[in-house]
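# Inside the fold
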Amino acid sequence: MPSFSRLLKGISLGMRGNSSHQFDSEPHHITAAMPKVLWIELTSKCPYDCIFCTRKIRFGEGRHLDFDIYKSLINELDFPEFIGLNYSGESIFYPHLIEAIQLANSTGASSELVTAFSTISVELLRAIVKTGLDRLAISLHTMDARQYRDIYRLATLELLKERVDDLLRIKLEQHTDKPRLDFCFVAIHENLDQLIEVARYAGHVGNAEIFIHPVIGRHPVSHDFSKELSANKLTDSFKEDLRKVIAVTRKAVPDIPVTVLNPDINLHPRLGCSPAYFAPRLPAGASIHTCDQSPFESVHILANGDVVVCEVHDEVPVGNLHNQSLREIWNGDRYQEFRRKYRNSEIPECCDCVWKMAFLPMPWKSEISAADGMSPQLLRGWYFNEGDTSIWSRRESLLALENSRRAKRIRICGFLSRAPKGKINTLRIKCNERDIGCIANPGGSERHFNDEFLLPVRDSKLFFSFFCEYTFRPVLWEINSDTRDLGFALEKIEIQ
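The present account deals with the structure reproduced in this document. (Residues numbered from 1 in each chain as written. Predicted model: local features only at pLDDT ≥ 70, side-chain atom pairs only at ≥ 80, totals over all residues. Heavy atoms only, no water.)

## Regarding helix 7 (residues 145-152)
Among the residues of helix 7, those classed as buried are Gln-147, Tyr-148, Ile-151 and Tyr-152. In a view along the axis of helix 7, the buried residues occupy a sector of 115°, so they form one face of it. The inward-facing, buried residues of helix 7 contact strand 4 (135-139) and helix 8 (157-173). Looking one or two places after helix 7, you find Arg-153, whose phi comes out positive at around 55°. (Buried < 20%, exposed > 50% of the residue type's maximum accessible area, 1.4 Å probe, protein only. Helix = DSSP H or I, 4+ residues; strand = E, 2+ residues; numbered from the N terminus. Arc of directions from axis to C-beta. Contact = heavy atoms within 4.5 Å.)

Printed below as a string of structure tokens:
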């Protein structure tokens with residue numbers, strides 16, 4: 001958290017010239033002390049030549065990330081929540097892969113590896129399982145053998161299926177559920193009929209989840225994607241075709257979760273007071289709340305050491321780890337300037353990005369209720385699904401409330417997740433950087449709470465931070481397919 005004096009400075013800047021006192025928040029309010037979500041490109045080398053991939057065009061033969069650089073940045077992290085060891089290259093060819101996974105796991109973060117997989121050796125696969133990697137996401141775009149060769153231009157579908165069988169066998173031998181297996185499906189016009197077949201295969205290998213990535217057109221490739229894309233956005237006809245295929249797949253294979261990772265598939269996005277995905281260009285008067293790769297808590301590290309804010313801006317580094325530490329870059333002038341422009345909707349690429357969450361600003365409020373939907377005053381570290389009666393936090397979270405009456409108490413109502421067996425979960429609460437209390441859960445199930453705390457300050461704008469000692473991932477307890485790391489569920493918080 002930034003110092004309280006910086007918070008007050010941010011408030012004055014955000015409110016200047018705003019007679020309606022609409023809610024606004026400067027980047028100082030939101031930015032984590034160090035990134036919580038990291039995508040680290042271990043290598044930009046890859047033997048595959050997938051028809052939709054721009055890696056070869058941009059990086060040629062590619063390079064490996066300097067392992068000393070990797071170790072240094074891992075040592076800098078402070079309670080990271082997610083580390084993905086992948087980007088443009090094929091991570092299984094990184095010479096220090098096993099050590100890289102082990103170091104990522106040592107931070108306590110959830111670890112992920114995305115791979116085309118078919119060329120992996122059984123020996124490396126066995127070593128990966130031993131690391132305790134949390135998630136192995138396999139790129140699988142078809143179950144047709146000829147089409148597989150046409151898309152990947154390397155290896156075979158049969159070889160991939162053999163390696164998946166090896167993975168399941170090794171996990172059984174090692175008596176482990178890790179890594180969790182799921183499939184990434186890049187949707188193009190030619191393979192839409194294969195989604196249902198991939199879903200059936202996912203059921204055959206243990207009900208693996210499917211994440212759909214409609215093809216994107218950020219950089220030119222030789223393959224013709226005019227049926228899918230127009231001016232780098234999905235065409236309406238392709239959206240409709242994809243939506244129909246997804247509906248048929250979900251009906252035919254209902255046990256397999258199918259998630260689309262591109263809000264642009266929504267034909268009729270709504271813009272309101274609650275932050276929500278809004279794929280069209282941001283209209284005047286609206287604000288960006290956050291996005292899938294938020295500059296306030298996430299970062300990308302490329303194999304050459306470049307630090308970039310997200311995939312859309314991966315050609316504009318804000319620093320390089322060969323010259324500076326990650327902490328210096330994260331708190332440096334270029335990153336701060338980017339966040340300022342992002343918050344003020346001054347970056348055209350962000351205003352046009354389909355992965356942004358936007359809202360219409362409203363006046364500050366002294367309470368937040370999950371029943372009212374997502375609030376822009378939930379600043380960082382929150383999950384939200386429309387229709388939920390509570391809003392789950394991640395391990396660390398932050399929100400803001402108005403206290404114009406200078407009230408003395410705050411009431412918080414919600415659920416605190418369980419802790420590992422034999423442990424006690426605690427939720428530590430601060431207001432404007434001052435401790436105000438703690439909620440404990442010593443049991444083996446969620447604990448409902450409805451507690452009041454004294455406010456340490458009477459300031460008109462209050463910033464509450466929360467930290468959970470443990471998070472809870474339902475899929476690991478075989479409760480459901482929810483793979484989120486859950487801290488506490490907020491039902492309502494109000495100044496009293």
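## Observations concerning the packing of helix 9 (residues 195-204) against helix 10 (residues 236-252)
For the pair helix 9 and helix 10, the least separation of the axes is 9 Å and the interaxial angle reads 30°. In terms of orientation, helix 9 and helix 10 fall into the roughly parallel class. As helix 9 runs across helix 10, the sense of the crossing is right-handed. Between helix 9 and helix 10, the contacting residues are Leu-195, Ile-196 and Ala-199 on the first element and Val-245, Ile-246, Val-248, Thr-249 and Ala-252 on the second. The residue inventory of the contact of helix 9 with helix 10, partitioned by class, reads 7 nonpolar, 1 polar and no charged. (Axes fitted to C-alpha atoms, helices over the stretch in contact; angles between N-to-C directions. Parallel < 35°, antiparallel > 145°, perpendicular 65-115°, else oblique. Left-handed = near helix turned anticlockwise from the far one by under 90°. Nonpolar A, V, L, I, M, F, W, Y, C, P; charged D, E, K, R; others polar.)

## A word on unusual backbone geometry
Here Lys-178 and Pro-179 are connected by a cis peptide whose omega angle stands at -5°. For Pro-179, the position within the fold is in the loop between helix 8 and strand 5 (180-187). A positive phi angle is found at Asn-432, which is not glycine, with a value near 45°. The residue Asn-432 is located in the loop between strand 20 (425-431) and strand 21 (434-441) in this model. In this structure Asn-432 comes out as buried when scored by relative accessible area, which is 3%. Residues other than glycine seldom take positive phi values, yet Glu-433 does so here, at roughly 75°. As for its placement among the helices and strands, Glu-433 is situated in the loop between strand 20 and strand 21.

## Quick look at the packing of aromatic side chains
This structure, assessed with the given rule, holds 15 aromatic pairs. A centroid spacing of 5.0 Å and a plane angle of 65° characterise the contact between Trp-330 and Tyr-335, whose relative ring orientation is edge-to-face. Measuring from centroid to centroid gives 6.4 Å for Trp-364 and Phe-463, while their planes differ by 85°, and the two rings are edge-to-face. With a gap of 99 residues between them, Trp-364 in the loop between strand 15 (356-359) and strand 16 (367-369) and Phe-463 in strand 23 (residues 461-468) connect regions that are remote in the sequence. Residue Trp-364 is classed as buried on the basis of its relative accessible area of 6%. Cluster of aromatic residues (ring-pair linked, three or more members): Trp-382, Phe-449, Phe-466 and Phe-488. Taking NZ or CZ as reference, Arg-339 lies 4.4 Å from the ring centre of Trp-330, over its face. (Phe/Tyr/Trp six-rings, centres within 6.5 Å; stacked < 30°, edge-to-face > 60°. Lys NZ or Arg CZ within 6 Å of the ring centre and 35° of its normal.)

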